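# Topology and contacts: notes
The lines below spell out each chain.
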Amino acid sequence: MTTTEQKQDIRKLNVGQIKTWMTEHGEKAFRAKQIYEWIWKKSAHSFDEMTNLSLATRQLMNEHFVIHSLDVAKKQHSNDGTIKSAFKLFDGNLVEGVLIPAADRMTACVSSQVGCSLTCKFCATGYMDRKRNLEAGEIYDQVVAIAQQAEKTFNAPLTNIVYMGMGEPLLNYANVLQSIEYITSPEGLNMSPKRITVSTAGIAKMIKKLGDDEVRFRLALSLHAANDEKRNQIMPINESNSLDNLAEALNYFYKKTGNRITFEYIVFNNFNDTLQDAKELWEFTKRVPARVNIIEYNPIAEADFKNTEADRLDKFAAFLEDRGVSVHVRRSRGKDIDAACGQLANKETN
């Protein structure tokens, strides 16, 4: 019998590979499609759940394969309804995901890596080591678990997904795109790609690759400063991916996909919140077709940044709006449980 260590995660196989394996082991080829449906449409976490397979077939699958699903290790509820989950992976590593409820939508914020290698100075995850990339199935599982929380807690379906949790999605490119395929495919969860946003700190060559792959989901750039000197201070990735390079890559992406980009801009007190900063951001939006999400900062223990004052934020937003920029001010959610933007770090579960 195959030991657990030797068993392959069946979710790494496509339906054709499963079909080949089944026929080689004396099973009918159509069983592959049934298994694939159980895995990606019905989100089965064990072969024993696959009740339209014979007991002998289920035993055969159990002998040779495993499904590396994740478990909810801890769940925290915010006063504003936000739910943060610590997900335990098959190897014991932890990642966090968040359900953000609103009157008109239910949003899942999911992680793509265990930790992060980009060391952004304002982000709690950036102070962690990157341990590994998540598999496509592990990203998919976060979406399923958070969707179940939305149904159970709010009696509402999941409507949106943002890849804005732990990690840099474009440094786990293949698994992120594969997870989106499972989430959007009619053979999977059948969600619209237009309801999915992938957020990047800004890796120009991978943004161009998204354009070449003609992805249908939305793209957001964590900008936070529209001049290189300031952005270098808070986001070391900018030293090798300057704003000029990013503008070129984003325009390439836009021409290839037609998908407008969102700039995420956290306003830090007395750092990037002046009208001169707003002017630089406005000028950058003239170079790239983009809308702007202005985000309140959520302080973390590792950094000295503070959120800007309310009147400065309002003047900043008004400056952009007066010049025709599409602006949305995103208020923080889940701050009391460290579930807000930039706060995910497995703090309560380490």
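Residues numbered from 1 in each chain as written. Predicted model: local features only at pLDDT ≥ 70, side-chain atom pairs only at ≥ 80, totals over all residues. Heavy atoms only, no water.

### Focus: the overall build of the protein
Along the backbone of the protein there are 10 helices and 14 strands. Radius of gyration (C-alpha) of the protein: 21 Å, near the 20 Å computed for a compact globule of 350 residues. Structurally, the protein occupies a C-alpha span of about 70 × 40 × 35 Å along its principal axes. In the protein, which comprises 350 residues, the proportion classed as buried is 56%. (Helix = DSSP H or I, 4+ residues; strand = E, 2+ residues; numbered from the N terminus. Rg over C-alpha atoms; globule rule 2.2 N^0.38 Å. Buried < 20%, exposed > 50% of the residue type's maximum accessible area, 1.4 Å probe, protein only.)

### A word on the UniProt feature "binding site: S-adenosyl-L-methionine" (unreviewed entry) in the protein
Residues given the UniProt feature "binding site: S-adenosyl-L-methionine" (unreviewed entry) here are G167, E168, S199, S222, L223, H224 and N298. Residue position: E168 is located in the loop between β9 (160–163) and α5 (173–184). Given the relative accessible area of 2%, E168 is considered buried. Apart from residues no more than four positions distant in its own chain, E168 is found in contact with S112, Q113, C116, L118, S199, T200, A201, G202 and I203. For N298, the location among the structural elements is in the loop between β13 (290–296) and α10 (310–322). For N298, a relative accessible area of 0% gives the class buried. (UniProt positions renumbered as here; feature names shortened; annotations may be inferred. Contact = heavy atoms within 4.5 Å.)

### Some thoughts on the packing of helix α1 (residues 15–24) against helix α2 (residues 30–40)
Where α1 contacts α2, the axes come no closer than 8 Å and their chain directions differ by 135°. By the angle class used here, α1 and α2 are oblique. For α1 against α2, the interelement crossing comes out right-handed. Counting all contacts with α1, which are made through V15, I18, K19 and M22, the residues of α2 involved are R31, A32, K33, I35 and Y36. (Axes fitted to C-alpha atoms, helices over the stretch in contact; angles between N-to-C directions. Parallel < 35°, antiparallel > 145°, perpendicular 65-115°, else oblique. Left-handed = near helix turned anticlockwise from the far one by under 90°.)

### Section: the UniProt feature "binding site: [4Fe-4S] cluster" (unreviewed entry) in the protein
Within this structure's numbering, the places UniProt gives as "binding site: [4Fe-4S] cluster" (unreviewed entry) are C116, C120 and C123. If you trace the backbone, C120 turns up in the loop between β7 (113–114) and β8 (132–133). What makes C120 buried here is its relative accessible area of 10%. When sequence neighbours within four positions are dropped, the list of residues in contact with C120 reads G126, Y127, I234, M235 and P236. Tracing the chain through its elements places C123 in the loop between β7 and β8. Residue C123 is classed as buried on the basis of its relative accessible area of 17%.

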